[in-house]
Amino acid sequence: MSILNLYNFLGTYLVIAALLFGFGIYGLVARKTVVGMLIASELVLAGSSVNFMAFNRFLAPDPVIGQIFTLFIMAIAAAEAAIAVSIVVAVYRNYKSIDTEDLVDLKG
Amino acid sequence: MLSELFSAEGFVGLIFLITVGIIIFGAVVATMSRRLVRSVAGLAIAFTGVAGIYYFLLSPFVAMMQMLIYVGAVSILIAFAVMMADPEDHTGTSANAGTFAGPLGFSIGALIFAAFTILGLKTEWREFPKQGSGDIEQLGKALLTTHTLVFELISIVLLIAIIGALVLARKGRS
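Given the structure is predicted, the values throughout are model-derived calculations rather than measurements.

Cut-offs applied
- Residues numbered from 1 in each chain as written.
- Chains lettered and ligands numbered in written order.
- Predicted model: local features only at pLDDT ≥ 70, side-chain atom pairs only at ≥ 80, totals over all residues.
- Helix = DSSP H or I, 4+ residues; strand = E, 2+ residues; numbered from the N terminus.
- Buried ≥ 20, exposed ≤ 12 C-beta atoms within 10 Å, placed from the backbone.
- Contact = placed C-beta atoms within 7 Å.
- Rg over C-alpha atoms; globule rule 2.2 N^0.38 Å.
- Axes fitted to C-alpha atoms, helices over the stretch in contact; angles between N-to-C directions.
- Parallel < 35°, antiparallel > 145°, perpendicular 65-115°, else oblique.
- Nonpolar A, V, L, I, M, F, W, Y, C, P; charged D, E, K, R; others polar.
- Core = buried A, V, L, I, M, F, W, Y, C linked by C-beta atoms within 7 Å.
- Domains from an automatic or database assignment.
- pLDDT = per-residue confidence, 0-100.
- Expected span 1.5 Å × (residues − 1).

Colleague: Can you explain the overall build of chain B? Please cite residues and give values.
Modeller: When helices and strands are tallied, chain B shows seven helices and zero strands. The order of helices and strands in chain B, counted from the N terminus, is α-α-α-α-α-α-α. When the 174 residues of chain B are sorted by exposure, 27% land in the buried category. Within chain B, contacts between residues at least 6 apart in sequence are counted, and of these 43% link residues at least 24 apart.

Structure follows, in C-alpha cells:
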C-alpha cells in the first residue's frame, strides 16, 4: 500500500470526513460571531456528506442511495444557510452586533 | 517510487493527495483566520476540494452539484451575510469567543477526529456485491421512483425556507 494508492481505500475517505467534522466542531465551539459558527456548521455537513459518498462507493449494494443522500444534504444545507443568513440580518438590525457575547437577553 | 509517480495511476494518486491538501488548507483558513471574509474564502476552497473527493468517489454529477450549490451559492450567501452584518474590523481582537474557547474547541475537535479515525480504520467493514453502476441515469430513475416522496418534500422545505427567509429579513425595515 503506497501513498500514491491511497484513493482506493475506504479508510482514507473516512479520515478526511473525520477531519472536516473535527474542524467544524472546533469552529462551532471556538468562534465568536454567529457567521463564523455558520461557516463551521457547513464544514460539519460537508464531512457527513463525504462519509455518505465513501460508504456509497465502497460498501453499499446499490451505489445510488449515498448520492441521493448527499444531494438532499445539499438542499437542506442551502435552505439552512438562507434561513441563517436572514436571522443574522435580523439580529444585526436589532442588536447592531453579531457577537455571541452580546446576544444574552434571555440569560437569567 | 519515482517511476511509479510518472505512471498514470501514480499521477492520479498525486492529484488525490493535492485534493486532500486543498481540503485541509481550506478548513484551516475557514476556522482559524481572524477576518470573516477570509473564512468564507477558505470555506469555498474546502468545498472545491470536497468536490474533487466526490469525483474520486466515481460520482461526477454530485461533484458538479457540489461546485454549483456550495461553491457557487452557499459561499456567496455567507459572503453577503458577512458584508451586511460585520462592519467592524476584527484585526486587533482574537476571533475566538473567550480565553478558554480556543483550547477547549481544539481539544473537543481533536478528540472527535481521533475517535472517528479509530472507529473508521479499526472496524471490519463488510462489502456487499454491487447491484448497479450508480451512474446518472440510475440516479434520476431512483429519485423519481423510489424516493419520490422525499423529492417532493424537499421542494416544500425549500419553498418554506424561501418564504421564511424573506419574512425574517424584511421584518423591522421601515
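Next comes the rest of the account.
Colleague: Tell me what's going on with the overall build of chain A, and back it up with residues and numbers.
Modeller: In terms of regular secondary structure, chain A is built from three helices and zero strands. Going from N to C terminus, chain A has its helices and strands arranged as α-α-α. A compact globule built from 108 residues should have a C-alpha radius of gyration of about 13 Å, whereas chain A, at 18 Å, is more than 25% larger. Structurally, chain A occupies a C-alpha span of about 55 × 30 × 25 Å along its principal axes. Each of the 108 residues in chain A was classed as buried or not, and the buried ones make up 54%. For chain A, contacts bridging at least 24 residues in sequence account for 45% of all contacts bridging at least 6.

Colleague: Describe the packing of helix α3 (residues 65–95) of chain A against helix α4 (residues 60–85) of chain B, naming the residues involved and giving the relevant values.
Modeller: Between α3(A) and α4(B), the least distance of the axes is 10 Å, while the angle of their chain directions is 10 degrees. Here α3(A) lies roughly parallel to α4(B), going by the angle between them. Each of Q67(A), T70(A), L71(A), M74(A), A77(A), A78(A), A81(A), A82(A), V85(A), V88(A), V89(A) and Y92(A) in α3(A) lies in contact with α4(B), whose residues at this interface are V62(B), M65(B), I69(B), Y70(B), A73(B), V74(B), L77(B), I78(B), F80(B), A81(B), M84(B) and A85(B). Taken together, the residues that form the contact of α3(A) with α4(B) break down as 22 nonpolar, two polar and no charged.

Colleague: A description of the nonpolar core should follow, citing residues and the corresponding values.
Modeller: In terms of nonpolar packing, the biggest core is built from 70 residues, with L20(A), V35(A), V50(A), A46(B) and I78(B) touching the most fellow members. Ignoring anything within four residues of it in the chain, the contact list for V50(A) reads Y13(A), I16(A), A17(A), L20(A), V50(B) and I53(B).

Colleague: Can you explain the interface of chain A and chain B? Please cite residues and give values.
Modeller: The parts lose accessible area when they come together, and the size of an interface is often stated as this lost area. At the interface, 67 residues of chain A touch 81 residues of chain B. Of all the elements in the fold, those that place two or more residues in the side of chain A that touches chain B are α1 (10–30), α2 (34–58) and α3 of chain A. When grouped by side-chain class, the residues that make up the side of chain A that touches chain B number 49 nonpolar, 12 polar and six charged.

Colleague: Let's hear about the domain arrangement of chain B: which residues, and what values?
Modeller: As assigned here, chain B comprises domain 1 (1–88) and domain 2 (135–174). Using only C-alpha atoms to locate each centre, domain 1 of chain B and domain 2 of chain B end up separated by 25 Å.

Colleague: Quick rundown of the environment of Y7(A)? Include the residues and the values.
Modeller: Among the secondary structure elements, Y7(A) is positioned in the segment before α1. Discounting chain neighbours no more than four positions away, the residues touching Y7(A) are T12(A), V12(B), G13(B), F16(B) and F56(B).

Colleague: Give a description of the packing of α2(A) against α4(B) that names residues and reports values.
Modeller: In contact at an axis separation of 11 Å, α2(A) and α4(B) are set at 170 degrees when each is read in the N-to-C sense. It follows from the interaxial angle that α2(A) and α4(B) lie roughly antiparallel. Along the contact surface, α2(A) presents V35(A), L38(A), I39(A), E42(A) and M53(A), while α4(B) presents V62(B), V74(B), I78(B), A81(B), V82(B) and A85(B).

Colleague: Can you lay out the environment of V50(B) for me, pointing to particular residues and giving the numbers?
Modeller: Position of V50(B) among the secondary structure elements: in helix α3 (residues 36–56). For V50(B) and Y70(B), which are 20 residues apart along the polypeptide, the C-alpha to C-alpha distance reads 10 Å. Each residue touching V50(B), except ones within four places of it in the same chain, is listed here: A46(A), V50(A), I23(B) and Q66(B).

Colleague: Before we move on, can you summarise the confidence of the model for chain B with the specific residues and values?
Modeller: When pLDDT is averaged along chain B, the result is 86; 90% of the residues meet or exceed 70. At the level of chain-chain contacts, confidence expressed as ipTM amounts to 0.90, with global pTM at 0.88.

Colleague: If you had to explain unusual backbone geometry to someone new, which residues and values would you point to?
Modeller: All names here are of chain B. Phi is positive for L58, which is not a glycine, with a value near 65 degrees. Residue placement: L58 occurs in the loop between α3 and α4. Taking the number of C-beta atoms within 10 Å as the measure of exposure, L58 has 16 and is therefore partly exposed.

Colleague: Residues and numbers for helix α5 (residues 101–122) of chain B, please.
Modeller: Counted at 1.5 Å a residue, the expected span for α5(B) with its 22 residues is 32 Å, and the 31 Å between its end C-alpha atoms agrees. Residues of α5(B) that are buried in the fold lie against α1 of chain A.

Colleague: Outline the confidence of the model for chain A, listing residues and values.
Modeller: In the predicted model, chain A carries a mean pLDDT of 87, and 98% of its residues have values of at least 70. Across chain A, the secondary-structure element scoring lowest on mean pLDDT is α3(A), at 89, and the one scoring highest is α1(A), at 92.

Colleague: Hey, could you go over the environment of A40(A) for me, with residue numbers and the actual values?
Modeller: Tracing the chain through its elements places A40(A) in helix α2. Here the alpha-carbon distance between A40(A) and Y95(A), two residues 55 residues apart in the chain, equals 23 Å. Other than its neighbours up to four places away in sequence, A40(A) contacts G24(A), G27(A), L28(A), R31(A) and T31(B).

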